[in-house]
Amino acid sequence: MALLLTGFGPAQEAGSKEVEAVYPEARDLYVNIHQNPELSGHETQTAARLAERLRSLTYEVTEHVGGTGIVAILKNGAGPKVMLRTELDALPVEEKTGLPYASKVHTKDDAGHEVPVMHACGHDLHMAAIFGTAAVMAHSKDTWHGTLMLIGQPAEETAGGAKAMLADGLFTRFPKPDFAVAMHVENILAAGTVGITPGVYNTNADSLRITIYGKGGHGAMPQTTIDPIVIAARTILTLQTIAAREVKPGELAIVTVGYVRAGTKNNVIPDQAELGLTVRTNKTQVRQQVLAAITRIVNAEAEAAGAPKLPLIEHYESTDLVYSDPALAERLKPALEAALGRDHVAMEDPIPASEDFSYYIQQGVPGFYFSLGGADPEKFAQAKASGMNLPSNHSPLFAPDVDPALHTGIAAEVAVLRELMK
Ligand code: ZN
Ligand code: ZN
């Protein structure tokens, strides 16, 4: 399978050959993992599969680190210690890509709800890439020295995995790395390219669960009730005024109500309603302002409706933004350009997503977090010309253009590791 990229020189040709040698096995792993996605914290088969593959490449693999996490170490003399991370988890999304290897998996989530499962964030591609990278590095020990530490992190989507691995001794039972690296596939870049964002890469994320209390009763006798669905509806709309009216224009503030749960039957007014929110910001002061405004609005809407008690506001997940070390980005950019070609390395703006990779950086480890293009280059060009957006990560239609993306992912990771461990 040839890489359909333009502007390739001899350096890229040589790199491409190494990737070709490990590619079929990496692609097999991709399809296999894609068809067998597992939810956050339940990645037992996924972790076992990846652990087995890395062991076969002579990595020293430890399983069950922070739950289902794995740590795979390859020592190659004295030198820098570098950590490369992939996530293991998938999402409760029903796959609608129509791909021949689309997921048909359903399972029960932690709350006991029956849910579909899909690798809608592309973590399957990250795992396949880390395996390909692991193989290239194991086969070319004359090109680097030091300690390579690959980790498979559970529960990224619920923001608990990095914390759990650290609490289980990731940086004490294993060598604390000098650098931490991770990449993420995205549809906002064409497959075949990577994106670098020095400094702030993404956003702070806060997850809130809000339970609004009312008074239940007959759907035909609203006067005997306090309808929590109406309170929820008003609350949702007022929450949208935080970004539109309260936060200074130009500052990033996103308040999304991702689910509303209430009621069982059309003629029954329930006694409570639940909202699930995600909040994204990129400044501490704005984050505090938005969270305070949510509390004020949620309580005030309940009070305005005469609710029997104030809503319960649970702040159940929280991650800080990922800061990609600017000096590291500057050092790694030429290495990526040499491996992929100058035209295939772009400078990108921060994105409004989030990620618990920030926990590793908070341990004082300089981090390099970069973007991997996932979009079919032709569809990408069409979408750009027409001002349309391709399906984003987490969409039931998210389908990276696997061959160019996976080739590039492996080549990019290898280039980054070799530069850091030369
Ligand atoms: Zn995701
Ligand atoms: Zn992701």
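Heads up: these notes are all about the structure in this document. Residue positions are counted from 1 within each chain, in the order its sequence is given. All chains are assigned letters beginning at A, and all ligands numbers beginning at 1, according to the order in which they are written. Only residues with pLDDT of at least 70 get local features here, since the model is predicted, and only at 80 or more are side-chain atom pairs given and counted; chain-wide, interface and lining totals rely on the full set of residues. No hydrogens and no water enter the side-chain calculation; it runs on all heavy atoms of the structure.

**Structural notes on unusual backbone geometry**
- A positive phi angle, close to 75°, is found at threonine 58, a residue other than glycine.
- With respect to the helices and strands, the residue threonine 58 is situated in the loop between helix H2 (44–56) and strand S1 (60–65).
- The classification of residues rests on relative accessible area computed with a 1.4 Å probe and restricted to protein chains. Under 20% of the type maximum is buried, over 50% is exposed, and intermediate values are partly exposed. On the basis of relative accessibility, which here comes to 58%, the residue threonine 58 falls in the exposed class.
- You will see that alanine 155, though not glycine, has its phi angle at about 50°, which is positive.
- Positionally, alanine 155 belongs in the loop between strand S6 (146–153) and helix H4 (161–167). Counting from the N terminus, the helices are the DSSP runs of H or I reaching at least four residues and the strands are the DSSP runs of E reaching at least two.

**Details of helix H7 (residues 326–340)**
- Between its first and last C-alpha, H7 extends 20 Å over 15 residues, near the 21 Å set by a 1.5 Å rise per residue.
- The largest bend along H7 measures about 30° and falls at leucine 332, with the proline proline 334 one to four residues further on.
- Residues of H7 that are buried: Leu328, Ala329, Leu332, Ala335, Leu336, Glu337 and Leu340.
- Among the residues trailing H7, glycine 341 stands out with phi positive, at a value near 100°. Helix span is expected to be 1.5 Å times the residue number reduced by one. The term bend refers to the angle at a residue between two fitted axes, each drawn through seven residues, those ending there and those starting there.

**Considerations on the coordination of the zinc ion (ligand 1)**
- We call an atom a donor if it is N, O or S and sits within 2.8 Å of the metal, or 3.2 Å for Na, K and Ca. Water is not counted, so some sites may look partial. Coordination sphere of the zinc ion (ligand 1), protein contribution only: Cys121 (SG), Glu157 (OE), Glu157 (OE) and His394 (NE2), at 2.0 to 2.8 Å.
- Irregular is the default label, applied whenever a site is not tetrahedral (four donors, all angles between 85 and 135 degrees) and neither square planar nor octahedral (four or six donors, opposite donors over 155 degrees apart, all other angles between 65 and 115). Around the zinc ion (ligand 1) sit four donor atoms; with metal-centred angles ranging over 51 to 150°, the donor geometry is irregular.
- A separation of 3.1 Å is found between the zinc ion (ligand 1) and the zinc ion (ligand 2), which are bridged by cysteine 121. Residue cysteine 121 is located in the loop between strand S5 (114–116) and helix H3 (123–139), and its partner glutamate 157 is located in the loop between S6 and H4; the two are separated by 36 residues in the primary sequence. Just as cysteine 121 is buried, glutamate 157 falls in that class too.

**Thoughts on the packing of aromatic side chains**
- When two rings of Phe, Tyr or Trp (its six-membered ring) have centres within 6.5 Å they constitute a pair, described as stacked for plane angles under 30 degrees, edge-to-face for angles over 60, and tilted for the intermediate range. Taken as a whole, this structure holds six aromatic pairs when the rule is applied.
- Taken together, a centroid distance of 4.6 Å and an interplanar angle of 50° make the contact between tyrosine 201 and tyrosine 369 tilted. Of this pair, tyrosine 201 sits in the loop between strand S9 (199–200) and strand S10 (204–213) while tyrosine 369 sits in strand S18 (residues 367–375), and the two are 168 residues apart along the sequence. Accessibility classification places tyrosine 201 together with tyrosine 369 in one group, the buried group.
- Considering the side-chain rings of phenylalanine 357 and tyrosine 360, the 5.6 Å spacing of their centres and the 70° angle between planes classify their relative orientation as edge-to-face.
- With a relative accessible area of 0%, tyrosine 360 lands in the buried category.
- Three or more aromatic residues joined by ring pairs form one cluster here, namely Phe171, Tyr201, Phe357, Tyr360 and Tyr369.
- In this analysis the charged atom, NZ for Lys or CZ for Arg, is taken to sit over a ring once it is within 6 Å of the ring centre and within 35 degrees of the ring normal. The ring of tyrosine 213 carries lysine 309 above its face, with NZ or CZ at 4.2 Å from the centroid.

**Quick notes on the nonpolar core**
- Nine residue types can take part in a nonpolar core, namely buried Ala, Val, Leu, Ile, Met, Phe, Trp, Tyr and Cys, and a core is a set of them joined through side-chain atoms within 4.5 Å. The biggest cluster of nonpolar side chains holds 65 residues, and the ones touching the most others in it are Leu54, Tyr59, Leu336 and Phe368.
- If we skip the residues at most four places from it in the chain, leucine 336 touches Val194, Ile196, Gly341, Val345, Phe368, Ala412, Ala415 and Val416.
- Residues Ile242, Val247, Val279 and Ala302 belong to the second largest nonpolar core, which totals 24 residues. Any two residues whose heavy atoms approach within 4.5 Å at even a single point are treated as in contact.

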